[in-house]
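# Topology and contacts: notes
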Amino acid sequence: MQQRVSLITLGVRDLARSLEFYEGLGWRRHADSVEGEVAFFDTGGMVVALWARASLAEDSAVDDAGGWGGITLAHNVRRADEVDAILHAAVAAGARLGRGGAPTPWGGYSGVFVDPDGHPWEIAVNPGWPLDENGRPRLE
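Cut-off values and rules
- Residues numbered from 1 in each chain as written.
- Predicted model: local features only at pLDDT ≥ 70, side-chain atom pairs only at ≥ 80, totals over all residues.
- Heavy atoms only, no water.
- Pairing = 2+ DSSP bridges.
- Helix = DSSP H or I, 4+ residues; strand = E, 2+ residues; numbered from the N terminus.
- Axes fitted to C-alpha atoms, helices over the stretch in contact; angles between N-to-C directions.
- Buried < 20%, exposed > 50% of the residue type's maximum accessible area, 1.4 Å probe, protein only.
- Contact = heavy atoms within 4.5 Å.
- Polar contact = N/O pair within 3.5 Å; in protein donor to acceptor, adjacent residues only side chain to side chain.
- Core = buried A, V, L, I, M, F, W, Y, C linked by side-chain atoms within 4.5 Å.

Bringing the sheet that holds strand E6 (residues 109-114) into the picture now. Each strand in a sheet pairs with another by means of backbone hydrogen bonds, the pair being arranged parallel or else antiparallel. Reading across from one edge, E4-E7-E6-E5 is the order of the four strands in this open sheet, with mixed pairing throughout. Among the strands making up the open sheet, the edge pair consists of strand E4 (73-76) and strand E5 (96-103). Sheet twist, expressed as the average angle between the axes of neighbouring strands with direction ignored, equals 15 degrees. Where E5 lies against E6, five bridges are found, and the strand directions are antiparallel. In the sheet register, Leu97 faces E6, and the bridge partner there is Phe113.

The subject of this paragraph is the sheet that holds strand E2 (residues 38-42). One open sheet accounts for three strands, arranged E1-E3-E2; its pairing is mixed. Two strands close off the open sheet at either side, each with one partner strand: strand E1 (7-12) and E2. For this sheet, the mean angle separating the axes of adjacent strands, direction not counted, is 20 degrees. Bridge count for E2 against strand E3 (residues 47-52) is five bridges, and the pairing is antiparallel. Directly across from Ala39, in E3, lies its bridge partner Leu50.

Assignment of secondary structure puts Asn126 in the segment after strand E7 (120-125). Here Asn126 falls in the buried class, since its relative accessible area comes to 18%. Spatially, the C-alpha atoms of Asn126 and Gly98 are 19 Å apart, while their sequence positions differ by 28 residues. Ignoring any residue separated from it by four or fewer positions in sequence, one finds Asn126 in contact with Asn76 and Trp106. A distance of 2.9 Å separates the side chain of Asn126 from the backbone nitrogen of Gly128, its partner in a polar contact.

Let us now look at unusual backbone geometry. Residues other than glycine seldom take positive phi values, yet Ala61 does so here, at roughly 60 degrees. Relative to the assigned elements, Ala61 resides in the loop between helix H2 (53-59) and E4.

What follows deals with the nonpolar core. Counting residues in hydrophobic clusters, the biggest one holds 21 residues, and the most contacted among them are Tyr22, Leu50, Val83 and Phe113. Mapped by element, the contributors of at least two residues to this core are E1, helix H1 (15-24), E2, E3, helix H3 (80-93), E6 and E7. If you tally residues by element for this core, the top one is H1, at four residues.

Below you can see the structure in the form of structure tokens.
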């Protein structure tokens, strides 16, 4: 198995509401999306999908206890003001602010929003992981 992730699927309770939220952040659905069933977003080397939580649990062979699944997604940016702008846009689109942007103990700057289905997203500047011209982190 190669060391990479191709797809992250987020289980959602209400696909229309989740689409409204992510599209409110400026994300655009890919043409392969199936109206009313699943939405795909090309994130530049990886795909993020939104799919009914019950269908995802069944397909993944797990029981859904309805709680946090032990995963936090992250989006790295180049500057602290970008962190704050994205957190503000997410809250305006319907997210809950989990943690406002602030300096971190590891020398960066980050904050967290939680999407309408409870998926936490850390928005961060990490000086140890510079971003290339496409916004992909380089582990150095």
